[in-house]
Amino acid sequence: MERDAFIPQIGEIIDIKQETPDVKTFRVRGVGEKLFDHIPGQCAMLIVPGVGESMISITSSPTITDYKEFSIKRCGHVTDWLHNAQPGQQIAIRGPIGNGFPVDTAFKGKDMLVIAGGIGIAPVHSVVNYMLAKREDYGRIQVIYGSRSKADLVRLDEMQEVWMKAPNTQIDLTIDRAEEGWDGHVGFVPPYVTELKPDNGMTVIMCGPPILIHLSLVELQKLGFKDTQVFTTMEMRMKCGIGKCGRCNIGDKFVCKDGPVFSFDQLSKLTGEY
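Residues numbered from 1 in each chain as written. Predicted model: local features only at pLDDT ≥ 70, side-chain atom pairs only at ≥ 80, totals over all residues. Heavy atoms only, no water.

Describing the overall build of the protein
Thought 1: Within the protein, the regular secondary structure consists of seven helices and 15 strands.
Thought 2: The buried share among the 274 residues of the protein stands at 53%.
Thought 3: For the protein, restricting intrachain contacts to residue pairs at least 6 apart in sequence, the fraction spanning at least 24 positions comes to 68%. (Helix = DSSP H or I, 4+ residues; strand = E, 2+ residues; numbered from the N terminus. Buried < 20%, exposed > 50% of the residue type's maximum accessible area, 1.4 Å probe, protein only. Contact = heavy atoms within 4.5 Å.)

Okay, structure coming up:
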């Protein structure tokens with residue numbers, strides 16, 4: 001029987017990894033039963049009784065069934081509690097919430113371009129690992145990812161040790177300003193996209209600060225990409241996850257029910273609120 005995504009399960013934090021000064025990755029497994037299944041791009045509500053609840057991207061690939069991973073930036077009451085938590089502590093979790101990326105339909109067989117900035121790598125991390133786990137189903141994969149500094153690049157170890165070594169996969173990293181110990185590219189992501197000149201036949205996933213998404217979209221359009229080729233996730237607008245609070249509506253759409261994944265072709269038909 002299909003699990004009701006609105007009914008919380010009990011999860012145990014089994015591992016915590018410090019990624020950056022303000023981002024940690026948490027592994028959570030179900031207590032007494034396996035947690036729900038998901039597809040890349042979906043979210044979960046993490047609930048700390050007596051503290052609050054927060055909508056968080058699921059950053060682990062669906063091909064991993066023993067646990068779920070969440071890369072979480074410290075930015076509020078719930079995330080403060082989580083950043084102070086220790087392995088073995090329990091939380092409530094419900095999901096999956098929203099629609100994910102069309103990894104088994106529109107993306108299958110395509111060359112893929114992933115553009116992300118800062119903590120925006122978290123929602124697309126699941127997509128990349130899913131495609132690498134099913135490498136034969138996808139063409140070339142290129143990831144363009146940037147952050148303020150080397151210390152703020154989330155999942156950098158995994159990118160260097162796993163992603164960069166994967167077949168037919170290109171990882172292009174950049175930081176905003178030059179610093180000692182960094183010999184890679186320096187500069188913001190949107191102009192780096194133009195500099196790299198990705199093939200305009202690729203299908204694109206973007207996630208990051210709104211300014212990065214808007215400016216990167218402009219650069220992609222200059223390179224000949226169409227809005228139908230570009231997908232993003234609007235999860236930061238979500239609050240309740242059940243379409244009741246009204247916070248996430250864009251025109252006649254509710255991000256938590258109709259998204260959070262949209263193509264820019266879909267968004268262009270809505271109001272300019274996004």
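Focus: helix 2 (residues 121-133)
Thought 1: Between its first and last C-alpha, helix 2 extends 18 Å over 13 residues, near the 18 Å set by a 1.5 Å rise per residue.
Thought 2: Counting buried residues in helix 2 gives twelve out of 13 residues, a clear majority hidden from the surface.
Thought 3: If you check which residues of helix 2 are buried, you get Ile121, Ala122, Pro123, Val124, His125, Ser126, Val127, Val128, Asn129, Tyr130, Met131 and Leu132. (Expected span 1.5 Å × (residues − 1).)

Observations concerning the pairing of strand 8 (residues 141-147)
Thought 1: Counting buried residues along strand 8, seven of its seven residues qualify, which places the element largely inside the surrounding structure.
Thought 2: Residues Ile141, Val143, Tyr145 and Ser147 point to one face of strand 8 and Gln142, Ile144 and Gly146 to the other, with burial holding for every one of them.
Thought 3: Direction of pairing for strand 7 (residues 112-117) relative to strand 8: parallel, over a ladder of six bridges. Across the sheet, residue Gly117 finds its bridge partner in strand 8, namely Gly146. (Pairing = 2+ DSSP bridges.)

Description of the pattern of salt bridges
Thought 1: Taken as a whole, this structure holds ten salt bridges when the rule is applied.
Thought 2: Lys34 is the partner of Asp37 in a salt bridge, and the nearest nitrogen-oxygen pair spans 3.0 Å.
Thought 3: Taking relative accessible area as the criterion, Asp37 reaches 52% and is therefore assigned exposed.
Thought 4: Via salt bridges that share partners, Glu19, Arg27, Glu69, Arg155 and Glu158 belong to a single interconnected network. (Salt bridge = Lys/Arg side-chain N within 4 Å of Asp/Glu carboxyl O.)

A short note on the sheet that holds strand 2 (residues 23-30)
Thought 1: Spatially, six strands are ordered 4-3-6-1-2-5 in an open sheet, and the strand pairing comes out antiparallel. Both edges of this open sheet fall to strand 4 (52-57) and strand 5 (68-73), since each of them pairs with a single strand only. Averaged over all adjacent pairs, the angle separating strand axes in this sheet is 40°, with direction ignored.
Thought 2: Across four bridges, the pairing between strand 3 (residues 43-48) and strand 6 (residues 90-97) is antiparallel. Within strand 6, the position partnered with Met45 by the bridge is Arg94.
Thought 3: Each of strand 1 (9-20), strand 2, strand 3, strand 4, strand 5 and strand 6 touches helix 1 (residues 77-84); the most contacted strand, strand 5, lies at about 115° to it. (Axes fitted to C-alpha atoms, helices over the stretch in contact; angles between N-to-C directions.)

Considerations on the nonpolar core
Thought 1: Ranked by internal contacts, the top residues of the largest apolar core, which has 32 residues, are Phe101, Phe107, Ile121, Val143, Tyr145, Trp163 and Ile205.
Thought 2: At the level of secondary structure, the elements contributing two or more residues to this core comprise strand 7, helix 2, strand 8, helix 3 (156-161), strand 9 (169-175) and strand 11 (203-207).
Thought 3: The element best represented in this core is helix 2, accounting for seven residues.
Thought 4: Not counting chain neighbours up to four residues away, the residues in contact with Ile121 comprise Ala116, Tyr145, Val154, Met159 and Trp163.
Thought 5: Ile144, Val193, Val204 and Phe225 belong to the second-largest nonpolar core, a separate cluster that totals 20 residues. (Core = buried A, V, L, I, M, F, W, Y, C linked by side-chain atoms within 4.5 Å.)

Looking at the sheet that holds strand 9
Thought 1: If you trace the seven strands from one edge of the open sheet to the other, you get 10-9-8-7-11-12-15, paired in mixed fashion. Of all strands in the sheet, those bounded by a partner on one side alone are strand 10 (185-186) and strand 15 (261-263).
Thought 2: As paired elements, strand 7 and strand 11 share five bridges and run parallel to each other. Bridging across to strand 11, Met112 finds its partner in Thr203.
Thought 3: Against the sheet, helix 5 (residues 210-222) contacts strand 7, strand 11 and strand 12 (230-233), and its axis sits at roughly 155° relative to strand 11.

A look at the side chain of Ser61
Thought 1: Along the chain, Ser61 falls in the loop between strand 4 and strand 5.
Thought 2: Looking at Ser61, the relative accessible area reads 2%, which means it is buried.
Thought 3: For Ser61, the side chain forms a polar contact with the side chain of Thr63, separated by 2.6 Å.
Thought 4: When neighbours within four sequence positions are excluded, Ser61 is seen to be in contact with His38, Ser126, Asn129 and Tyr130. (Polar contact = N/O pair within 3.5 Å; in protein donor to acceptor, adjacent residues only side chain to side chain.)

Some points on the packing of aromatic side chains
Thought 1: The tally for this structure, following the rule as stated, stands at two aromatic pairs.
Thought 2: Members of the aromatic cluster, connected to one another through ring pairs, are Phe101, Phe107 and Phe231. (Phe/Tyr/Trp six-rings, centres within 6.5 Å; stacked < 30°, edge-to-face > 60°.)

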